[in-house]
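Breakdown of the fold
Listed here are the chains, written in short residue letters.
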Amino acid sequence: MKPNILIIDDDPQIRSVLRIALRQAGMEPSEAGDGAEGLAKARSGRFDLIVLDIGLPEMDGLEVCRNLRATDNTPILFLTARDDEIDRVLGFELGGDDYVTKPFSPRELVARIKAIMKRSGGGAVAEATKASLQTGNLEIDPTRHLCLVDGASVALTAREMGILAHLMARPDQVTPRPALTDAVYGAHIHVSDRTVDSHLRNLRAKLADAGCADAIETVHGVGIRMGACRST
């Protein structure tokens, strides 16, 4: 079955370029020209990933993401017209999985989409962890994109699940930040430390709210490792 990709962008030229590139890559694109239309389509259909422009009429992309994340964990790749770190970091804090800055290479964007779907669908990060993993009161099943704390579901983005799966598969190891970034994003994709920090901060907050406040530990000067995940 072809992956279904929703493109939400107000520029017809960009939608056309993406439509052609996605079809050439064996994916099935759908389109929306503004934020309100995009949110309605995202809620009405089953999509494998959403390409979401930040600068949209009617409702901007950050607001669309905020609304979607209340009920939906479909991976989101942001498009931004500015190389503005504030926009990118805010997008990640709202639950975005990746971003591409305009103007962009269609080939790079398709590669990013494939990488996100591979992570969220049990790809490289979860390849060695096909069965569920458990640490304390925390359990995940990467292949089903399922995270449970004391049996209660915790909604994670694809990147957050990728980070958690990588750490839980190596419970006694400290993973240096560069190695964690490569495992989750791929070795050829550059992301800033602030981007990784945003994902880690969101992940810690979600797990803490669910009753697992010590799930992820920072070993200063070394890297990141799993904590005991005891109930609070």
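Residues numbered from 1 in each chain as written. Predicted model: local features only at pLDDT ≥ 70, side-chain atom pairs only at ≥ 80, totals over all residues. Heavy atoms only, no water.

**Considerations on helix H8 (residues 193-209)**
Spacing of three or four residues puts side chains on the same side of an α-helix, whose turn is 3.6 residues. Helix length check: H8, at 17 residues, gives a terminal C-alpha distance of 24 Å against a target of 24 Å (1.5 Å per residue), a fit within 8%. For H8, the set of buried residues is Thr195, Val196, Ser198, His199, Leu200, Asn202, Leu203 and Leu207. Once H8 ends, the next one or two residues include Gly211, with phi positive near 105°. (Helix = DSSP H or I, 4+ residues; strand = E, 2+ residues; numbered from the N terminus. Expected span 1.5 Å × (residues − 1). Buried < 20%, exposed > 50% of the residue type's maximum accessible area, 1.4 Å probe, protein only.)

**Notes on the sheet that holds strand E9 (residues 152-153)**
One open sheet holds the four strands; their spatial order is E6-E7-E8-E9, and the pairing between them is antiparallel. In this open sheet, the two strands that pair with only one neighbour each are strand E6 (133-135) and E9. The pairing of strand E8 (residues 146-149) with E9 spans two bridges and is antiparallel. Of the residues in E9, the one forming a bridge with Leu148 is Ser153. Contacting E6, strand E7 (138-141) and E8, helix H6 (residues 158-168) runs over the sheet at an angle of about 110° to E7. (Pairing = 2+ DSSP bridges. Contact = heavy atoms within 4.5 Å. Axes fitted to C-alpha atoms, helices over the stretch in contact; angles between N-to-C directions.)

**Re the sheet that holds strand E5 (residues 98-101)**
Spatially, E2-E1-E3-E4-E5 is the arrangement adopted by the five strands of the open sheet, whose pairing is parallel. Unpaired on one side and paired on the other, strand E2 (28-32) and E5 mark the two borders of the sheet. Each strand of the sheet is rotated relative to its neighbour by a mean of 20°, with strand direction disregarded. With four bridges connecting them, strand E1 (residues 4-8) and strand E3 (residues 49-53) associate as parallel partners. Bridging from a neighbouring strand, Ile7 pairs with Val51 of E3. Packed onto the sheet, helix H1 (residues 12-24) meets E1, E2, E3 and strand E4 (76-80) and runs at close to 165° relative to E2.

**A look at the nonpolar core**
Membership of the largest hydrophobic core comes to 45 residues, with the highest contact counts inside it found for Leu52, Leu138, Ile140, Cys147, Leu164 and Leu207. Not counting residues up to four positions away in its chain, the partners in contact with Ile140 are Ser132, Leu133, Leu146, Cys147, Met161, Leu164, Ala165 and Met168. Counting 19 residues, the second largest nonpolar core, distinct from the first, contains Met27, Leu77, Val100 and Met117. (Core = buried A, V, L, I, M, F, W, Y, C linked by side-chain atoms within 4.5 Å.)

**Quick word on unusual backbone geometry**
Going from Lys102 to Pro103, the amide bond is cis rather than trans, its omega being -10°. Mapped onto the secondary structure, Pro103 falls in the loop between E5 and helix H5 (106-120). Its identity as a non-glycine residue notwithstanding, Glu58 has a phi of 70°, on the positive side. Its place among the elements puts Glu58 in the loop between E3 and helix H3 (61-69). Note on Glu58: relative accessible area 69%, which makes it exposed.

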